[in-house]
Amino acid sequence: MSEEKNVSAAEKMLGDFAPRLLGYTDNVLFGDVWEGKELSRRERSLITVAALVAGEHSNQLKFHLNYAKEHGLTEAELVEVITHLAFYVGWPKAMTAIMIAKEAFGHENQGS
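Sequence order as written defines the numbering, with residues in each chain counted from 1. Residues qualify for local features only when their pLDDT is at least 70, as the model is predicted, and side-chain atom pairs are given and counted only at 80 or more; totals for whole chains, interfaces and linings, by contrast, use all residues. To obtain the side-chain values, all non-hydrogen atoms of the structure were used and water was disregarded.

(A) Here's a closer look at the overall build of the protein chain. Strands here mean DSSP runs of E at least two residues long; helices mean DSSP runs of H or I at least four residues long; both are numbered from the N terminus. Of regular secondary structure, the protein chain possesses six helices and zero strands. When the helices and strands of the protein chain are read in sequence order from the N terminus, they spell out α-α-α-α-α-α. Overall, the protein chain is about 50 × 35 × 25 Å in size when its C-alpha atoms are taken along their principal axes. Each residue is placed in one exposure class: buried if its accessible area under a 1.4 Å probe, protein chains only, is under 20% of its type's maximum, exposed if it is over 50%, and partly exposed if it falls in between. Counting only residues that meet the buried cut, the protein chain has 27% of its 112 residues in that class. As displayed, the protein chain offers around 7,900 Å² of accessible surface, 57% of which is attributable to carbon and sulfur atoms. Surface accessibility follows the Shrake-Rupley procedure with a 1.4 Å probe radius. Residue values consider only the protein chains on display as shielding.

(B) Structural detail: the pattern of salt bridges. Salt bridge, as applied in this entry: a Lys or Arg side-chain nitrogen positioned within 4 Å of an Asp or Glu carboxyl oxygen. Per the counting criterion, the structure on display carries four salt bridges. Residue K62 is joined to E103 by a salt bridge in which the shortest nitrogen-to-oxygen separation is 3.2 Å. Placement of K62 in helix α4 (residues 58-70) and of E103 in helix α6 (residues 91-104) is noted, with a sequence separation of 41 residues between them. With a closest N to O distance of 2.7 Å, E75 and K69 form a salt bridge. Overall, the relative accessible area of 27% leaves E75 in the partly exposed class.

Right under this line is the structure:
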């Protein structure tokens, strides 16, 4: 009987290139931090999306928008979060984020 290993998204991206960073990502961030009981995964996703938009971390945003949907946030709620953030973090950051959301949610062919 063979044992299948559950491969994380980080491991798929990094392989054995950066084993310590992979370990921190899988074990500390998505293990310990995301499993904390003080906040729900939905709340953590909302906070993470807001932080990524504010910091203009575009490379991580698409993953976390979809991760937020897995944790119960709707596309409409996530669009509203980005719209709300436009007034606090800046219009260009919000516009960049909304275009990433549009692509992440499969709406890239809507509009011009």
